[in-house]
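Descriptive structure summary
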Amino acid sequence: MGIGTGIALFVIGAILAFAVNVDLGGFVNLALIGYILMGAGVVVFVISLVFTLQRRRSTSTTRSAVDPASGEQVTRSTTDTSGPPTV
């Protein structure tokens, strides 16, 4: 959801900065608002990517040991994923 929000902010900002030519009497500069929205969109997009990539990081651990009762080698593998599961 954050990635889409970042893209939407960037697109709305680009439209305001480059495509809208409306004079509002000098009170509001739409080009400046467009640039601010574009910057905010880039920041939201980058932060969303960082959180998404962190959530998908996982660690695999493999341990081998010898069972003292039977003398057989036992291997145990576990996978730990940091953060909530992704859907």
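This text follows the structure it describes.
The sections below set out a description of the structure shown in this document. (Residues numbered from 1 in each chain as written. Predicted model: local features only at pLDDT ≥ 70, side-chain atom pairs only at ≥ 80, totals over all residues. Heavy atoms only, no water.)

Attention now goes to the overall build of the protein chain. Broken down by element type, the protein chain carries 2 helices and 2 strands. Put simply, the protein chain runs from its N terminus to its C terminus through helices and strands in the order α-α-β-β. Expressed as a percentage of the 87 residues in the protein chain, the buried residues total 10%. For the protein chain, the share of sequence-separated contacts (at least 6 apart) that also reach a separation of at least 24 residues comes to 43%. (Helix = DSSP H or I, 4+ residues; strand = E, 2+ residues; numbered from the N terminus. Buried < 20%, exposed > 50% of the residue type's maximum accessible area, 1.4 Å probe, protein only. Contact = heavy atoms within 4.5 Å.)

Here helix α1 (residues 2-18) is 17 residues long and its end C-alpha atoms lie 24 Å apart, about the 24 Å a rise of 1.5 Å per residue gives. Here α1 has its buried residues at G6, G13, L16 and A17. Projected down its long axis, α1 shows its buried positions confined to an angular sector of 95°, all on one face. (Expected span 1.5 Å × (residues − 1). Arc of directions from axis to C-beta.)

Summed over all chains, the structure comprises 1 aromatic pair. Ring centres of F18 and Y35 lie 5.9 Å apart, and the angle between their planes is 80°; this geometry places the pair in the edge-to-face category. You can see F18 sitting in helix α1 and its partner Y35 sitting in helix α2 (residues 30-55), a full 17 residues away along the chain. A residue is classified by how much of its surface remains accessible, and F18, at 54% relative accessible area, is exposed. Judged by its relative accessible area of 45%, Y35 falls in the partly exposed class. (Phe/Tyr/Trp six-rings, centres within 6.5 Å; stacked < 30°, edge-to-face > 60°.)

By the secondary structure assignment, V66 is in strand β1 (residues 58-66). In this structure, V66 is in contact with G71, E72 and Q73, ignoring residues within four places of it in sequence.

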